[in-house]
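Fold and contact review
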Amino acid sequence: MTTLDRRSFLTFLGASSVSLVGCTGSEDTAVSQALDYSEEKRQAVVKALLDVFLPSGGPGHPGAAEVGAYDTLRAKPFVHVATELGFLPKLPPEWEDRLDDIDGLIKDILVGDLAAATSHHHGDRRFEDLSLGERTAIVEERSEGPCRPLYLYARAAAMIAFFGALWNDKGIVAIGIPAYENFADDLHNSGSTDFTYDRIPKVNGSEPWTITVDGDLP
Amino acid sequence: MESVDIAIVGSGFGGAITAMRLAEECAVRGLRARIRILEKGHDYFNLDPNTVWRYRNAQGNGFKQTMKLDYYAQMLNIWTDLESVAAGAVDPNRFPTFSIMGGRAVGGGSLVYLGVSLRAATDVFEQRWEAGRRLWPSMYTRAHLNPYYARAEGELKVARMKWSTSQGVPLWQTCTKRDHVFATGCLKAGFTAEPLKIALQNDTSDGWWHTGQRFPGRQHLPLNYLARAKQLGVEIHSGCSVSRIAPDGRGYVIDYRDARSGGERKTLACKILVVAAGAVGSTALLLRSEHAFRGDRELSDHLGRHVSGNGDFTASGIVGPQYRVEGHKGKPMSSFSPSFWADSKFILVPFFVSPMPFAFGQPAAMAYPKNPAATGRRSTEPATRLWGGAYKELFKSFGPRLLTMVCLGLDRCEGEVKKVPTLTGTSISVEWKRTHPDTEAMWTKATQAMRKIMNALDGELLTDAYRHRGHVISMHPLGGCRMAETRQRGVVDDKGEVFGNPNLFVIDGAIIPTSLGVNPSLTICAVAESIADRIAPSLGERLA
């Protein structure tokens, strides 16, 4: 396994999780067309996929698009994070310098798989043009199929971008956690002077009692 | 080949304490010994003059205080059950997924711990399971460790929090809003809550416990043990990832890669070798090296077994609208409820960590695209779809009313660290075997207690990774190189010395024979202090 092409990458993934053989090997016309998509079209498909995981809901309701999920999926370090989390097997050393190629392969496989499913269910329509409900149904189906590891990989990118506030704090603000200070300059502080009640808790006149000895379990 | 007298692999609690105490002993006795720490992670505190990590922030330390992905990837070590995660985390016919999170930097786990410093209860050391044998070596009791606990508390500046400044403490030493809400819930449910002992000084800001703080409040090892070790001449080499160790005559050799010289492969010889890379790290290193230990030096077949998650079990819920938890403000932990220890051997601690490490710690939660509760696996909670708009809206409703609690208790060490074959060699994975009925019963009681507290706060217990997804997550792994009286029962003796291998020690969480039921850092410190005291008399002979 020294060359990095689709076959070797699929074999690499399949050996550690489930077989991907056939998931993009179809002669389906839609898949062939999808593989010839321009970068812009491929990006549109992947973004439409990420939107299924965390849909945008207008102002105050950010989704994958607003929190930079696509950029997370594209980020080189994400390959290593995903490996740490178990979404990808550890890359062979000779592939370590070819993360851009791996990035492209992952998107190729997802775009092809979604094109095949869209063609099967919706004829000539394209995945990115489907409604959220239609896209969701396709992703539910395909994420149970042989390409599952890559759907989980994409979903992890969306979730980490949203809850991890990697690119901006829109996601965490939307769930009620205050914005980070000075986010733009990389110095943040989640603390606050307003962090204490500074009083002894009381419920119906009762205060907490002590079981410990000097703070430790006996 | 370069050589030193004492090499220490890892700079967490076990490694830092051993380095400092042995250096002190050498100084006192006039022994000219060269001591070197090899640490895989970066140095954020300028203890290694040759570190490749040059960044310094406005507070003068190396923490970037950033949410960037590559930074978290550098700071955290995550081990998980690769096979289960890849398979989608939950297979009713397989074991639950096991994930473990630890620190990776000079200072080890102390850079990602929450400073909680409790002594383990007396009955922890008296545990006996079916075989009826005491699991800890006979010399270890709470009474034996008490002076060592006190010594570590002094070095780490452990302070007991209080509810109010009216109790004679400064504001930084008081509990957070989150703790007050938790205490209110406990009181209403008939339980009590008490302030925690924390390795903390003068911290008024409290943010960023996982990625460095604006103010050096939390007492991590580079502020105390490691700083003192460096003063005593201990060399601290960061970015040095040890791949294998092997016996070599009367000493040992270490193979490692040095990131400071472009990842160059190096070999270091030493007379005394201390492995202190954490429960998983130390166990993994011995597993990778076991082929080099033959005949009388063969490692015990207990290696990799008896790994405890320390009973870690986390659940979250939303309290009633009249309560403001605002969990993100203040110390991430500062109170706990000991009400359940006497009968059920667990404690509950309310806590909050910033979302990113929380997400990192839950790969299965991140992985599973549908609600596996639908499979009926252990679920007692309402179904929640784990992606899409509904999931996002659920999280939105959490906000300042989110109260997360962790149970720490006595499990049955159901975990295992093991080598797994990969296409490029072997990798280290962790696995959680079938949960023992005693552990299951403890977690059931913990869930019931958490639900009672939530109900008392007019709230609802919502999420719980284990019950929902069969996923055991531990921030407090212990075991893997169990300490025992004989090699038939463990990997190391009561001094941490590997059976059959003089002068090879494991001194960290890996040797702790059982779960502790409280945050384990202080007990690891106390055990390391005790071992250092007992190695000291023979140090000259060992170095001869």
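Nothing here was measured: the structure is a model prediction, and the numbers come from that model.

Helix and strand content of chain A: 10 helices and 0 strands. Shown N-terminal to C-terminal, the secondary structure of chain A runs as helices and strands in the order α-α-α-α-α-α-α-α-α-α. The 218 residues of chain A split such that 53% are buried.

Another aspect to go through is the overall build of chain B. Counting secondary structure elements, chain B contains 15 helices and 20 strands. Counting over 544 residues, chain B shows a buried share of 68%. When contacts within chain B are restricted to residue pairs at least 6 apart in sequence, those whose partners lie at least 24 apart make up 75%.

A few words now on helix α5 (residues 177–188) of chain B. In an α-helix, one full turn covers 3.6 residues, which means residues spaced three or four apart are oriented alike. All names here are of chain B. Here α5 contains 12 residues, and its C-alpha end-to-end distance of 17 Å stays within 8% of the 16 Å for a straight helix at 1.5 Å per residue. The element α5 is extensively covered by neighbouring structure, given that 11 of its 12 residues are classed as buried. Among the residues of α5, those classed as buried are K177, R178, D179, H180, V181, F182, A183, T184, G185, C186 and L187. Along its buried surface, α5 packs onto β13 (335–336), β14 (346–351), β15 (402–409) and α12 (437–456). Looking one or two places after α5, you find G190, whose phi comes out positive at around 90 degrees.

Looking now at the pairing of β14 of chain B. Residue and element names in this part refer to chain B. Burial within β14 is extensive, with 6 of its 6 residues counted as buried. Residues F346, L348 and P350 of β14 are buried on one face, and the alternating residues I347, V349 and F351, pointing to the opposite face, are buried as well. Here 6 bridges tie β14 to β15, and the two strands are oriented antiparallel to one another. Residue pairing across strands places I347 opposite L408, the latter belonging to β15.

Next up on the list: the confidence of the model for chain A. Confidence in the prediction for chain A averages 79 pLDDT; 80% of positions are at 70 or higher. In the model, residues 186–193 of chain A has pLDDT below 50 throughout and makes 33 contacts with residues more than four positions away in sequence or in other chains.

It is worth spelling out helix α7 (residues 99–122) of chain A at this point. Residues and elements named next belong to chain A. Given a rise of 1.5 Å per residue, 24 residues ought to cover 34 Å, and the 34 Å separating the end C-alpha atoms of α7 matches this to within 8%. α7 sits mainly inside the fold: 18 of its 24 residues count as buried. Just downstream of α7, G123 is the residue with a positive phi angle, here 65 degrees.

Counting 154 residues, the largest nonpolar core has I245, I254 and L273 of chain B as the members making the most contacts within it. Setting aside anything within four residues of it in sequence, one finds L273 of chain B in contact with A7, V9, I245, Y252, I254, N503, L504 and F505 of chain B. Counting 64 residues, the second largest nonpolar core, distinct from the first, contains L49, L99, Y151 and Y153 of chain A.

Right, let's get into the side chain of H302 of chain B. Residue and element names in this part refer to chain B. Note on placement: H302 falls in the loop between α7 (278–289) and β12 (313–318). With relative accessibility at 9%, the residue H302 sits in the buried group. Only 2.7 Å separates the side chain of H302 from the side chain of H306, close enough to count as a polar contact. Excluding its chain neighbours within four sequence positions, the residues that come into contact with H302 are G480, R487, Q488, R489, G490 and V491.

With that settled, the discussion passes to the environment of A117 of chain A. Tracing the chain through its elements places A117 of chain A in helix α7. Excluding residues within four positions of it along the chain, A117 of chain A makes contact with I138 and R142 of chain A.

Taken as a whole and assessed by the stated rule, the structure comprises 8 aromatic pairs over all chains. One aromatic cluster is present, built from ring pairs that chain together F98, F313, W432 and W443 of chain B. In this structure, R126 of chain A packs its charged tip against the face of Y37 of chain A, placed 5.1 Å from the ring centre.

A separate point is the pattern of salt bridges. Residues and elements named next belong to chain B. Tallied over the entire structure, the rule returns 40 salt bridges over all chains. Two residues, R260 and D258, come together in a salt bridge whose shortest N-O distance is 3.0 Å. Of the residues examined, D258 reaches a relative accessible area of 1% and is grouped as buried. Across the salt bridge formed by R542 and E497, the nearest N and O atoms sit 2.7 Å from each other. With R542 in helix α15 (residues 539–543) and E497 in the loop between β19 (471–474) and β20 (504–506), this pair connects stretches of sequence that are 45 residues apart. Like E497, R542 is buried.

Once that is clear, we can look at the confidence of the model for chain B. Residue and element names in this part refer to chain B. Overall, the predicted model of chain B reaches an average pLDDT of 86, with 83% of residues at or above 70. Between residues 88–93, whose pLDDT stays under 50, and residues either more than four places distant or in other chains, the model counts 13 contacts. The low-confidence segment residues 360–384, where pLDDT is below 50, has 84 contacts with residues more than four positions distant or belonging to other chains. Across the interface, the model reports ipTM at 0.89; the global pTM reads 0.86.

The subject of this paragraph is the packing of helix α4 (residues 142–155) of chain B against helix α14 (residues 521–535) of chain B. Residues and elements named next belong to chain B. Contact geometry for α4 and α14: axes closest at 8 Å, N-to-C directions at 110 degrees. It follows from the interaxial angle that α4 and α14 lie roughly perpendicular. Touching H144, L145, Y148, Y149, R151, A152 and E153 of α4 are L522, T523, C525, A526, V527, E529, S530 and D533, all from α14. Its residues assigned to classes, the contact of α4 with α14 comprises 8 nonpolar, 3 polar and 4 charged.

Residue and element names in this part refer to chain A. The contact between α7 and helix α9 (residues 148–164) brings their axes to 10 Å, and the two run at 110 degrees. The angle between α7 and α9 falls in the class roughly perpendicular. For the pair α7 and α9, the sense of crossing is left-handed. Within the contact between the two elements, α7 uses I106, I109, L110, D113 and L114 and α9 uses L150, Y151, Y153 and A154.

Moving on: unusual backbone geometry. Here N204 of chain A, not a glycine, exhibits a phi torsion of approximately 50 degrees, which is positive. Turning to its location among the elements, N204 of chain A is positioned in the segment after α10 (170–174). A positive phi angle, close to 60 degrees, is found at N310 of chain B, a residue other than glycine. Note on placement: N310 of chain B falls in the loop between α7 and β12.

All names here are of chain A. Relative to the assigned elements, L132 resides in helix α8 (residues 132–142). The exposure class of L132 is partly exposed, given its relative accessible area of 34%. When the C-alpha positions of L132 and V52 are compared, they lie 6.6 Å apart, and in sequence the two are 80 residues distant. Contact partners of L132, with chain neighbours within four places excluded, come to D51, V52 and P55.

Cut-offs applied
- Residues numbered from 1 in each chain as written.
- Chains lettered and ligands numbered in written order.
- Predicted model: local features only at pLDDT ≥ 70, side-chain atom pairs only at ≥ 80, totals over all residues.
- Heavy atoms only, no water.
- Helix = DSSP H or I, 4+ residues; strand = E, 2+ residues; numbered from the N terminus.
- Buried < 20%, exposed > 50% of the residue type's maximum accessible area, 1.4 Å probe, protein only.
- Contact = heavy atoms within 4.5 Å.
- Expected span 1.5 Å × (residues − 1).
- Pairing = 2+ DSSP bridges.
- pLDDT = per-residue confidence, 0-100.
- Core = buried A, V, L, I, M, F, W, Y, C linked by side-chain atoms within 4.5 Å.
- Polar contact = N/O pair within 3.5 Å; in protein donor to acceptor, adjacent residues only side chain to side chain.
- Phe/Tyr/Trp six-rings, centres within 6.5 Å; stacked < 30°, edge-to-face > 60°.
- Lys NZ or Arg CZ within 6 Å of the ring centre and 35° of its normal.
- Salt bridge = Lys/Arg side-chain N within 4 Å of Asp/Glu carboxyl O.
- Axes fitted to C-alpha atoms, helices over the stretch in contact; angles between N-to-C directions.
- Parallel < 35°, antiparallel > 145°, perpendicular 65-115°, else oblique.
- Nonpolar A, V, L, I, M, F, W, Y, C, P; charged D, E, K, R; others polar.
- Left-handed = near helix turned anticlockwise from the far one by under 90°.

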